[in-house]
Amino acid sequence: MKALLVKYKLVIKFILTFLLVYVALSLGYKFYLQFSDGSLYYPDYLTHLVAVQCQDLLQTLGYQVEMIPHNSEPSIKVILNGVYISRIIEGCNAFSVIILFISFIVAFASDFKTTVIYMLLGSVLIYVVNLIRIVIINLGLYYYPEYESILHEIVFPVIIYGMMFLLWVFWVNRFSRIKRVNV
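Residues numbered from 1 in each chain as written. Predicted model: local features only at pLDDT ≥ 70, side-chain atom pairs only at ≥ 80, totals over all residues. Heavy atoms only, no water.

The strands making up a sheet are joined through hydrogen bonds of the backbone, oriented either antiparallel or parallel. On the basis of which strands lie adjacent, the open sheet formed by 3 strands has the order β1-β2-β3 and antiparallel pairing. Because the sheet does not close on itself, it has two edges, and the strands there are β1 (65-69) and β3 (83-89). Averaged over neighbouring strand pairs, the angle between their axes works out to 25 degrees when direction is ignored. Sheet strands touched by helix α3 (residues 45-60): β1, β2 (75-80) and β3. Its angle to β1, the strand with the most contacts, is close to 165 degrees. Against the sheet, helix α5 (residues 112-143) touches β2 and β3, its axis set at about 150 degrees to β3. (Pairing = 2+ DSSP bridges. Helix = DSSP H or I, 4+ residues; strand = E, 2+ residues; numbered from the N terminus. Axes fitted to C-alpha atoms, helices over the stretch in contact; angles between N-to-C directions. Contact = heavy atoms within 4.5 Å.)

What follows is about the pattern of salt bridges. Going through the model one piece at a time under the given rule, you end up with 1 salt bridge. Close ionic contact of Glu-73 with Arg-87 constitutes a salt bridge, the shortest N to O distance being 2.8 Å. Of this pair, Glu-73 sits in the loop between β1 and β2 while Arg-87 sits in strand β3, and the two are 14 residues apart along the sequence. (Salt bridge = Lys/Arg side-chain N within 4 Å of Asp/Glu carboxyl O.)

Time to look at the nonpolar core. Membership of the largest hydrophobic core comes to 43 residues, with the highest contact counts inside it found for Met-67, Phe-101, Ile-105 and Ile-126. Elements represented by at least two residues in this core include exactly α2 (9-35), α3, β1, β2, β3, α4 (95-107), α5 and α6 (148-174). Here the element with the most residues in this core is α5; it accounts for 11 residues. (Core = buried A, V, L, I, M, F, W, Y, C linked by side-chain atoms within 4.5 Å. Buried < 20%, exposed > 50% of the residue type's maximum accessible area, 1.4 Å probe, protein only.)

Pasting the structure below:
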């Protein structure tokens, strides 16, 4: 048993670190959502911010956009050129994807400064790509509503999770301490 622990020390350290960071950040986010009453920013600040920024992007592209709080669920209706297109829910703010990204980066940490900078830059990149993803999916739903299922359930998750995976691979190959140990 001891020989196995020694042999797989790095794997065990990775798994435990990943799980610890993931659970801690997820619990923190869950508490944030519980205490976010939506009175000032509906349904919560992060989701509201994503909706406002998507509205700004769509308006910059020349579309008339309204973001209206949904009256029967915690979401924001997207009205594009007078047509109800979609709703932005808490899961659209990419925060759970960012938590997953950060957990992996910490589990494969490099030196403190490099790790923090990469986590921040990667999180910003994920956030920005998510905004662009929401804008494109709303435009896609506006012009091609018959492809809703393919756009929302296949194409756009592949984009956001694929980008996160590429960021992970880049991190492990370029910065991770584990790569340097095994060289």
